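So the chains spell out like this:
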Amino acid sequence: ENWILRKTNVVRLTRNSSLLERALAEESMVDWFQSRGVSEDFYAIHGGAVPLLSLENDLLGTLCISGLPDTEDHSAAMEILRNYKTLKYLLVYRK
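Residues numbered from 1 in each chain as written. Predicted model: local features only at pLDDT ≥ 70, side-chain atom pairs only at ≥ 80, totals over all residues. Heavy atoms only, no water.

**Student:** So, helix H1 (residues 3-14): which residues are in play, and what are the values?
**Tutor:** Over its 12 residues, H1 extends 17 Å from the first C-alpha to the last, a length consistent with the 16 Å expected when each residue adds 1.5 Å. For H1, the set of buried residues is Arg6, Lys7, Thr8, Asn9, Val10, Val11 and Thr14. Arg15 occupies a position one or two residues after H1 and carries a positive phi of about 65°. (Helix = DSSP H or I, 4+ residues; strand = E, 2+ residues; numbered from the N terminus. Expected span 1.5 Å × (residues − 1). Buried < 20%, exposed > 50% of the residue type's maximum accessible area, 1.4 Å probe, protein only.)

**Student:** Help me get a handle on the pairing of strand S2 (residues 59-64), residues and values and all.
**Tutor:** As paired elements, strand S1 (residues 49-53) and S2 share 5 bridges and run antiparallel to each other. Counterpart to Leu53 in the pairing with S2 is Leu59. Once S1 ends, the chain turns through 5 residues before running back antiparallel as S2, passing Asn57 with a positive phi of about 70°. (Pairing = 2+ DSSP bridges.)

**Student:** How would you explain the side chain of Glu21 if you had to name every residue and give the values?
**Tutor:** For Glu21, the location among the structural elements is in helix H2 (residues 18-28). Residue Glu21 is classed as buried on the basis of its relative accessible area, which comes to 2%. A distance of 2.6 Å separates polar atoms of two side chains, one belonging to Glu21 and the other to Asn16. Setting aside residues no more than four positions away along its own chain, Glu21 makes contact with Val10, Thr14, Asn16, Trp32, Arg36 and Ile45. (Polar contact = N/O pair within 3.5 Å; in protein donor to acceptor, adjacent residues only side chain to side chain. Contact = heavy atoms within 4.5 Å.)

**Student:** Explain the packing of aromatic side chains to me, using residue names and the numbers behind them.
**Tutor:** Under the criterion given, the structure shown has 2 aromatic pairs. Ring geometry for Trp32 versus Tyr43: centroids 6.1 Å apart, planes at 50°, classification tilted. Taken together, the residues Trp32 in helix H3 (residues 32-36) and Tyr43 in the loop between H3 and S1 connect sequence positions 11 residues apart. The same class applies to Trp32 and to Tyr43, which are both buried. Cluster of aromatic residues (ring-pair linked, three or more members): Trp32, Phe33 and Tyr43. In this structure, Arg6 packs its charged tip against the face of Trp3, placed 4.7 Å from the ring centre. (Phe/Tyr/Trp six-rings, centres within 6.5 Å; stacked < 30°, edge-to-face > 60°. Lys NZ or Arg CZ within 6 Å of the ring centre and 35° of its normal.)

**Student:** Explain the nonpolar core to me, using residue names and the numbers behind them.
**Tutor:** One recurring pattern in soluble globular proteins: nonpolar side chains tend to sit buried together. Listed in full, the 7 residues of the largest apolar core are Val10, Ala25, Trp32, Phe33, Val38, Tyr43 and Ile45. Apart from residues no more than four positions distant in its own chain, Phe33 is found in contact with Val38, Ser39, Glu40, Tyr43 and Ile45. (Core = buried A, V, L, I, M, F, W, Y, C linked by side-chain atoms within 4.5 Å.)

Structure representation (structure tokens):
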């Protein structure tokens, strides 16, 4: 059950967070895996994986947290990104 790889695969496929993909599937009442033609063996629409996008909207990578309940995984990932953004701002504009 490689959760990190499976969540990351969702981001690579969709360029959306794994939690957003689950919410969209639930809202649309569709089987996400069937609609995408992929297997649950390789994809997991559980929170925790978020895309890292460039200013040009290119996918640079994925930040993935796993081990907590999925909404907590997602919250932890978002908190890390917020802290990074704040730290980067402070370092750039403190000079």
